Amino acid sequence: MTNPSILILPGDGIGPEVMKEVRKVIDWYGTKLGLVFDVSEDLVGGIAYDAHGTPLHDSTLAKAQEVDAVLLGAVGGPDYDNLDFSVKPERGLLKLRKEMDLFANLRPAQCFNALADFSSLKTEVVSGLDIMIVRELTSGIYFGEPRGIIEEGNERVGINTQRYTESEIDRVARSAFELARRRGNKVCSMEKANVMESGVLWREVVQKVHDEDYADVELSHMYADAGAMQLCRWPKQFDVIVTDNLFGDLLSDAAAMLTGSLGMLPSASLGAPMANGRPKALYEPVHGSAPDIAGEGKANPIACILSFAMALRYSFDQGKEADRVEAAVESVLADGYRTPDLLGEDGVDPVTTQQMGDAILKALNATL
Ligand code: IPM
Ligand code: MG
């Protein structure tokens, strides 16, 4: 049997330095447990633009389509802010999502016990929090046509289009219901059916999928603005939230912050199953490229390491190993290891990106 394959795309900013720590965890599996991955690396984002004049070279996309899982660091940075829209680093990421048809973006917002005090919300509101946002990722206003900036009379008009087909809503709804069955068995669907036709259709289709195939799962609907409010008021009422591309972008950043730090949260973007039964998949931290701290050893590698844990769970059928990585992260946090983003008022000295990675390896060793 061939080894499972992973394509690593470190990208820009802090991407390469956090990915270095992930690489150690991947290698740990080979050395300690004989779980060997075939790992290759390539460029995406600004660094790909510098090398090839495009944020995603065709050969990189072709590799991404072939491997069992893609692990991505982050894209973007101030050097690329003035580039034409079509070659901005972010376009590389969006093209990967679209071309691989990764329609279901899973963004967990989980509060680590050791960090409950670190949230901007009261401890009792967030401790034990464990929600999963399923964001539609390949359609909606991010990709809808017409789009652009046009001339109209004597001024310019910026246009984007929110557009959803029934089948696009249907498939992401199914992903959410399937996940809910393996968790708390509850789905809350969020849209703006009070003002948007696409929201009316969204609500109808989600309800239909539920009634026909997932009646055992508890379903509720909420307007996305009310959903944002409820997320801040009492987030523990939610289990799985399913929502569109743009609302999912906003709500997942808000949910991430509830947990104490954006630097902690992983994500998985999943598509249809490939010939080998594994879903097409890309894993990436929710945080961005943080150019202000790039190269300083200040970045928190945990979100990226937990993204690899999600790969273990969703691509490689290694749920127990995913638990092992998550437990190792819990234990280093409990032991007081903190990168600068996790520092409170308690006067703890921060550790570097590399020291955090090493501590996690040590915690992994302790589980053997
Ligand atoms: C995210 C990011 C991206 C998005 C950007 C970098 C294109 O904010 O993954 O949430 O808007 O989808
Ligand atoms: Mg975002």
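This one's a predicted model, so the numbers in the text were calculated from it and none came from an experiment.

Asker: What is the right way to look at the domain arrangement of the chain in this model?
Answerer: Interface size, as often reported, equals the accessible area lost upon joining of the parts. Per the domain assignment, the segments of the chain are domain 1 (1-108 + 262-368) and domain 2 (120-259). Facing the 19 residues of domain 1 at the interface are 22 residues of domain 2. At the boundary of domain 1 with domain 2, the tally comes to one salt bridge. Across the pair Asp101 and Arg171 runs a salt bridge, and its minimum N-O distance is 3.0 Å. Applying the counting criterion to the domain 1 and domain 2 interface returns six residue pairs in polar contact (both at pLDDT 80 or more). Where the side of domain 1 that touches domain 2 is concerned, the elements lending two or more residues are helix H4 (89-99), strand S4 (104-110) and helix H10 (302-314). The greatest single-element share of the side of domain 1 that touches domain 2, amounting to five residues, is contributed by S4.

Asker: Whenever I open this one, helix H11 (residues 319-334) confuses me. Can you help?
Answerer: Turn by turn, an α-helix covers 3.6 residues, leaving residues three or four places apart pointing in a common direction. The terminal C-alpha atoms of H11, which comprises 16 residues, lie 22 Å apart, in line with the 22 Å expected from a rise of 1.5 Å per residue. Among the residues of H11, those classed as buried are Glu321, Ala322, Arg324, Val325, Ala328, Val329, Val332 and Leu333. Just past H11, the residue Gly336 takes up positive phi, approximately 95°.

Asker: Quick question: what am I supposed to make of the sheet that holds strand S9 (residues 218-223) here?
Answerer: Hydrogen bonds between backbone groups are what pair the strands of a sheet, and the pairing can be parallel or antiparallel. The strand order across the open sheet formed by 10 strands is S2-S1-S3-S12-S11-S4-S5-S10-S8-S9, and the pairing between neighbours is mixed. The open sheet terminates on both sides in strands that have one partner only, identified here as strand S2 (38-41) and S9. Averaged over all pairs of adjacent strands, the angle between strand axes in this sheet comes to 20°, irrespective of strand direction. Running over the sheet, helix H3 (residues 58-66) touches strand S1 (5-11), S2, strand S3 (69-74) and strand S12 (279-285) and is turned about 140° from S1. Taken strand by strand, helix H6 (residues 166-181) contacts S4, strand S5 (130-136), strand S8 (186-191), S9 and strand S10 (240-243), and its axis lies near 165° from that of S5.

Asker: Can you walk me through unusual backbone geometry in this structure?
Answerer: Trans peptide bonds make up most of the peptide bonds, and negative phi angles are found at most residues other than glycine. At the junction of Glu145 and Pro146, the peptide bond is cis and its omega measures out at 0° in the coordinates. As for its position among the elements, Pro146 is in strand S6 (residues 144-152). A positive phi angle, near 55°, is found at Asp101, a position not held by glycine. The phi dihedral of Asp317 is positive, around 55°, even though this residue is not glycine. In this fold, Asp317 is placed in the loop between H10 and H11. The class of Asp317 is exposed, set by a relative accessible area of 71%.

Asker: It is not clear to me how the site of ligand 1 should be interpreted in this structure. Could you clarify?
Answerer: Around ligand 1 lies a shell formed by Glu90, Arg97, Arg107, Arg135, Tyr142 and Asp249. A distance of 2.8 Å separates an oxygen atom of ligand 1 from a polar atom in the side chain of Arg107. Contact between ligand 1 and Arg135: an oxygen atom at 2.8 Å from a side-chain N or O atom of the residue. For ligand 1, the accessible surface in isolation is 320 Å², of which the surrounding protein chains cover 75%. Two domains share the shell around ligand 1, each providing at least three of its residues, namely domain 1 (1-108 + 262-368) and domain 2 (120-259).

Asker: Just to check I follow, could you spell out the pattern of salt bridges for this structure?
Answerer: Pairing of side chains with opposite charge becomes possible as their charged atoms draw close. The full count for this structure, using the stated rule, is 22 salt bridges. Lys298 is the partner of Glu296 in a salt bridge, and the nearest nitrogen-oxygen pair spans 3.0 Å. Residue class for Glu296 comes out partly exposed when judged on its relative accessible area of 45%. Residue classification places Lys298 among the partly exposed residues on the basis of a relative accessible area of 36%. The residue Arg324 makes a salt bridge to Glu321 at a minimum N-O spacing of 2.6 Å. Note that Arg324 and Glu321 are positioned in helix H11 at a spacing of three residues, about one turn of the helix. An identical accessibility class is assigned to Arg324 and Glu321; each is buried. Look at the salt bridges and you will find they share partners, linking Glu21, Lys24 and Asp358 into a network.

Asker: I'm lost on the environment of Asp211 in this one. Help?
Answerer: By the secondary structure assignment, Asp211 is in helix H7 (residues 197-213). Judged by relative accessible area, Asp211 falls into the partly exposed class, the value being 47%. At 2.8 Å, the side chain of Asp211 forms a polar contact with the side chain of His210.

Asker: How should H4 be read in this particular structure?
Answerer: All of the buried residues along H4 are Pro89, Gly92, Leu93, Leu94, Leu96 and Arg97. Looking one or two places after H4, you find Asp101, whose phi comes out positive at around 55°.

Asker: Looking at this structure, how should I read the side chain of Glu191?
Answerer: Looking at the element boundaries, Glu191 is found in strand S8. A distance of 2.8 Å separates polar atoms of two side chains, one belonging to Glu191 and the other to Arg203. Setting aside its immediate chain neighbours within four residues, Glu191 contacts Gly199, Trp202, Arg203, His221, Met222, Tyr223, Ala224 and Phe247.

Thresholds, definitions, all that
Residues numbered from 1 in each chain as written. Chains lettered and ligands numbered in written order. Predicted model: local features only at pLDDT ≥ 70, side-chain atom pairs only at ≥ 80, totals over all residues. Heavy atoms only, no water. Domains from an automatic or database assignment. Contact = heavy atoms within 4.5 Å. Salt bridge = Lys/Arg side-chain N within 4 Å of Asp/Glu carboxyl O. Polar contact = N/O pair within 3.5 Å; in protein donor to acceptor, adjacent residues only side chain to side chain. Helix = DSSP H or I, 4+ residues; strand = E, 2+ residues; numbered from the N terminus. Expected span 1.5 Å × (residues − 1). Buried < 20%, exposed > 50% of the residue type's maximum accessible area, 1.4 Å probe, protein only. Pairing = 2+ DSSP bridges. Axes fitted to C-alpha atoms, helices over the stretch in contact; angles between N-to-C directions. Near = heavy atom within 4 Å. Areas by Shrake-Rupley, 256 points an atom, 1.4 Å probe, with all protein chains shown as cover.

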